Amino acid sequence: MNDALNFGTSSIPLLPEALAESVWRPRPGLLKRERTRLRLVQAAIQVFSARGVAGATMQELAAAAGMTTGTVYNHFKTKEEVASAVALLLADTLCRRIGDSQLGIAEGAHRMAIGNQRYIWLAEQSPAWTLMMMEVAAAAPELLLEIRQYVMADLRLGVKQKAFRIPSEAAAMDLINGTISQAMRSVARGLAPRNHGREVATCVLRGLGMDAAAAKEVAYRPLPPFPPMAAAPVAAKAKAAAKKVASRARGARRPV
């Protein structure tokens, strides 16, 4: 693991390398103001990791970024705005990298299983990061809203392909979000057994209407690797791909 990709300080829990580069390394072509804002968001991650969202202050954020408090307020009026920016960066990173690993996979149930397991994998690899991210999600719902569109696309595709049989999208989304969130907490706190990610993915697929044998077969397929960052599509392309999947599955909005 390259510590430079984790903000260069041991006070921040390490991220898996497949995600760290996307969080810590600025995208090429950012303007000076955008680079400053990103640096502040990265500093906020450092402070939130150490102090929690509720305990963090704008002054601490400024100190972590090596900037004045006035500079912070030039970009963010409140701590809630900072938390929202952190949430969007984390959500974009997770969704984009999971989307990178799903490229070429056209089966909605398989895509759902990969997404479910990757969030639980993050809890296995980086428990402290996961708990911090979930605290940010509670303070800034933007994180879950950003993730929602990707999950919804896979859900609708599975319905269209007749792999999923659900009473309503809203009920299915609550099933997915609630199950995966609790599984992440269990894993991050060391309370889950081995293969928890696969077993949870199996339960989600069964909850979406698949029979036991089919759900287990899909959930136990090998996870596709994350492609190298240089080979991965940029965020806009990944988001466009998710929207394309959602568009293909839009005919499945009605309950079945």
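Before going into details, it helps to say that this report is about the structure given with it. (Residues numbered from 1 in each chain as written. Predicted model: local features only at pLDDT ≥ 70, side-chain atom pairs only at ≥ 80, totals over all residues. Heavy atoms only, no water.)

Quick look at the packing of aromatic side chains
The way to describe two aromatic rings as a pair is by their centre distance and the angle between their planes.
Step number 1: Applying the stated rule across the entire model yields one aromatic pair.
Step number 2: Aromatic side chains W121 and F226 sit 5.3 Å apart centroid to centroid with 50° between the ring planes, which places their arrangement in the tilted category. Of this pair, W121 sits in helix α6 (residues 108-125) while F226 sits in the loop between α11 (212-219) and α12 (235-248); the two residues are 105 residues apart in sequence, bridging distant segments of the chain.
Step number 3: Over the ring of Y220 we find R198; its NZ or CZ atom is 5.6 Å from the centre of that ring.
Step number 4: Taking the ring centre of Y220 as reference, the NZ or CZ of K216 above it sits at 5.5 Å. (Phe/Tyr/Trp six-rings, centres within 6.5 Å; stacked < 30°, edge-to-face > 60°. Helix = DSSP H or I, 4+ residues; strand = E, 2+ residues; numbered from the N terminus. Lys NZ or Arg CZ within 6 Å of the ring centre and 35° of its normal.)

Re the environment of A171
Step number 1: Checked against the element boundaries, A171 lands in helix α9 (residues 169-188).
Step number 2: Sequence spacing of A171 and L208 is 37 residues, and the spatial spacing of their C-alpha atoms is 9.7 Å.

As for unusual backbone geometry
Step number 1: One non-glycine residue with positive phi stands out, namely K162, at about 65°.
Step number 2: As for its position among the elements, K162 is in the loop between α8 (142-160) and α9.
Step number 3: At N195, a position not held by glycine, the phi torsion is positive, near 60°.
Step number 4: Tracing the chain through its elements places N195 in the loop between α9 and α10 (196-207).

Nothing here speaks to function; it is all geometry.
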